[in-house]
Amino acid sequence: MKQGYLDEQFCQVEDLQDEASPNFAEEVATLFFKDSARLISNVEQALEKYPKDFNRWDAYMQQLEGSCSSIGASRMKSECMSFRDYCGQGNVEGCMRSFHKVKREHGALRQKLEAYFQLLRQAGPAGAATRPGM
Amino acid sequence: MASKNQGSAPRALVVEDIKVDCVILMHMLHKLNCEATVVENGKEAVDLFVEGKTFDIVFLDKDMPLMSGPEAVAKIRAMGATEVKIVGVSADFGGQEAFMQAGADVFVPKPVKLETVAAMLEVMMLGASGEAPRKVDHESHSDETKSFAKMKPPEKEIKM
């Protein structure tokens, strides 16, 4: 969170963990990456198949933004919002640039979270009390 | 259509097509001792009501395939389901007007917080039973919950 990849919402997801669901945050993260890969693919296909269809592009990106918001993926969400701003402006180049940033942030977040959960597994239950900066 | 469910676990319906959002909300509802059912779009939600299923509270996302949240809300209300509490949920703040015009009781922006859901259930249970609600684990009532208690859908009064 110190690096801005995740915000307070991620803490909320972690706080939902309990004895019955000790790995809930990791499960949600896994699901997020599966879902977001699909949503990114939807946007990519829309950019290709529906040139300048800003409403369609915006609609697809809105879904991804919502998903980012739910897990606390703040940097990725910010890029989604940037993309949607460019859609509103009718700026194709801006949309393409920000879409590349969305994909880049997606990849970076995946790496960070994979490393984070691996650290947690290594640390065991005691390590769960202290969240590594992200 | 009876929807009051006094004395037993609240029955919640989650209408959400984004898996992450669905899983998080379902987990919150299970933690709050709700019986939660999930469907992926507004049409499936309406179909449940057509089949005679009853719920105490419904959480609907706004943008979904086949039928949107507001559209489903309008159809559910048109079927006479006036007692069920309906919560519109969306990352799009512009969805509030659409949900409220359709007949939702309250709009909650994403991401939904556990304390918000807990407080809504508490208010809802108080209204259903007339008794003090079971203790739920939350810190405080959020602004959305205060709105939930006071909010009136168009031309209707909520008895809480």
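Residues numbered from 1 in each chain as written. Chains lettered and ligands numbered in written order. Predicted model: local features only at pLDDT ≥ 70, side-chain atom pairs only at ≥ 80, totals over all residues. Heavy atoms only, no water.

- By the naming in an unreviewed UniProt entry, chain B goes by Response regulatory domain-containing protein and is assigned to Miscanthus lutarioriparius.

- Per an unreviewed UniProt entry, chain A goes by Histidine-containing phosphotransfer protein and derives from Miscanthus lutarioriparius.

A few points about the pattern of salt bridges
All names here are of chain B.
Right, so step 1: Counted according to the given criterion, the structure contains 18 salt bridges over all chains.
Right, so step 2: Linking Arg-77 and Asp-105 is a salt bridge whose minimum nitrogen-to-oxygen distance equals 2.8 Å. One end of the pair, Arg-77, is in helix α3 (residues 69-78); the other, Asp-105, is in the loop between α4 (95-102) and β5 (106-109), and 28 residues separate them in sequence. Each member of the pair, Arg-77 as well as Asp-105, is classed as buried.
Right, so step 3: One connected set of salt bridges, linked through shared partners, spans Glu-16, Asp-21, Asp-61 and Lys-110. (Salt bridge = Lys/Arg side-chain N within 4 Å of Asp/Glu carboxyl O. Helix = DSSP H or I, 4+ residues; strand = E, 2+ residues; numbered from the N terminus. Buried < 20%, exposed > 50% of the residue type's maximum accessible area, 1.4 Å probe, protein only.)

Digging into the environment of B:Met125
Residue and element names in this part refer to chain B.
Right, so step 1: Relative to the assigned elements, Met-125 resides in helix α5 (residues 114-129).
Right, so step 2: Met-125 gets classed as buried once you look at its relative accessible area, which sits at 15%.
Right, so step 3: The spatial distance from the C-alpha of Met-125 to the C-alpha of Ser-8 is 10.0 Å, given a sequence separation of 117 residues.

Overview of the sheet that holds strand β1 (residues 11-15) of chain B
All names here are of chain B.
Right, so step 1: What the 5 strands build is an open sheet, ordered β2-β1-β3-β4-β5; its pairing is parallel. On the outer flanks of this sheet lie β2 (35-39) and β5, each paired with one strand and no other. Sheet twist, expressed as the average angle between the axes of neighbouring strands with direction ignored, equals 20°.
Right, so step 2: Where strand β3 (residues 57-61) lies against strand β4 (residues 85-90), 5 bridges are found, and the strand directions are parallel. Paired with Asp-61 across the strands is Val-89, a residue of β4.
Right, so step 3: Lying over the sheet, helix α1 (residues 19-31) contacts β1, β2 and β3, oriented at roughly 165° with respect to β2.
Right, so step 4: Packed onto the sheet, α4 meets β3, β4 and β5 and runs at close to 155° relative to β5. (Pairing = 2+ DSSP bridges. Axes fitted to C-alpha atoms, helices over the stretch in contact; angles between N-to-C directions. Contact = heavy atoms within 4.5 Å.)

Concerning the UniProt feature "domain: HPt" (unreviewed entry) in chain A
Right, so step 1: Per the UniProt annotation, the sites labelled "domain: HPt" (unreviewed entry) are residues 28-111 of chain A.
Right, so step 2: Secondary structure across residues 28-111 of chain A comprises 90% helix and 0% strand; the distance between its end C-alpha atoms is 15 Å. (UniProt positions renumbered as here; feature names shortened; annotations may be inferred.)

Details of the confidence of the model for chain B
All names here are of chain B.
Right, so step 1: Summarising the model, chain B shows a mean pLDDT of 81, and 74% of its residues fall at 70 or more.
Right, so step 2: Every residue in residues 131-142 scores below 50 in pLDDT, and together they form 23 contacts with partners more than four places removed in sequence or on other chains.
Right, so step 3: Low pLDDT, under 50, characterises residues 149-160; the stretch is placed with 25 contacts to residues that sit more than four places away or in other chains.
Right, so step 4: Scored by ipTM, the complex comes to 0.81, with pTM at 0.80. (pLDDT = per-residue confidence, 0-100.)

What about the interface of chain A and chain B?
Right, so step 1: With 19 residues of chain A at the contact, the number on the chain B side is 18 residues.
Right, so step 2: Counting the surface lost from both chain A and chain B, the interface buries some 1,700 Å², and carbon and sulfur atoms represent 61% of this.
Right, so step 3: Here chain A is connected to chain B by 1 salt bridge.
Right, so step 4: Applying the counting rule to chain A against chain B returns 6 residue pairs in polar contact (both at pLDDT 80 or more).
Right, so step 5: Among the residues making up the side of chain A that touches chain B, the classes are represented as 7 nonpolar, 10 polar and 2 charged. (Buried area = accessible area lost by both parts, 1.4 Å probe. Polar contact = N/O pair within 3.5 Å; in protein donor to acceptor, adjacent residues only side chain to side chain. Nonpolar A, V, L, I, M, F, W, Y, C, P; charged D, E, K, R; others polar.)

Here's the deal with the packing of aromatic side chains
Residues and elements named next belong to chain A.
Right, so step 1: Scanning all chains against the criterion turns up 8 aromatic pairs over all chains.
Right, so step 2: Directly above the aromatic system of Tyr-50 lies the positively charged group of Arg-56, at a separation of 3.7 Å from the ring centroid.
Right, so step 3: Across from the ring centre of Tyr-5, 4.1 Å away, lies the NZ or CZ of Arg-75, which sits over that ring. (Phe/Tyr/Trp six-rings, centres within 6.5 Å; stacked < 30°, edge-to-face > 60°. Lys NZ or Arg CZ within 6 Å of the ring centre and 35° of its normal.)

Observations regarding the nonpolar core
Right, so step 1: Of all hydrophobic cores here, the largest spans 63 residues; its most connected members are A:Phe32, A:Leu64, A:Phe83, A:Leu113, B:Leu29, B:Phe59 and B:Val117.
Right, so step 2: The next biggest cluster of nonpolar side chains, apart from the first, holds 23 residues, and it includes B:Val15, B:Val46, B:Ile86 and B:Phe99. (Core = buried A, V, L, I, M, F, W, Y, C linked by side-chain atoms within 4.5 Å.)

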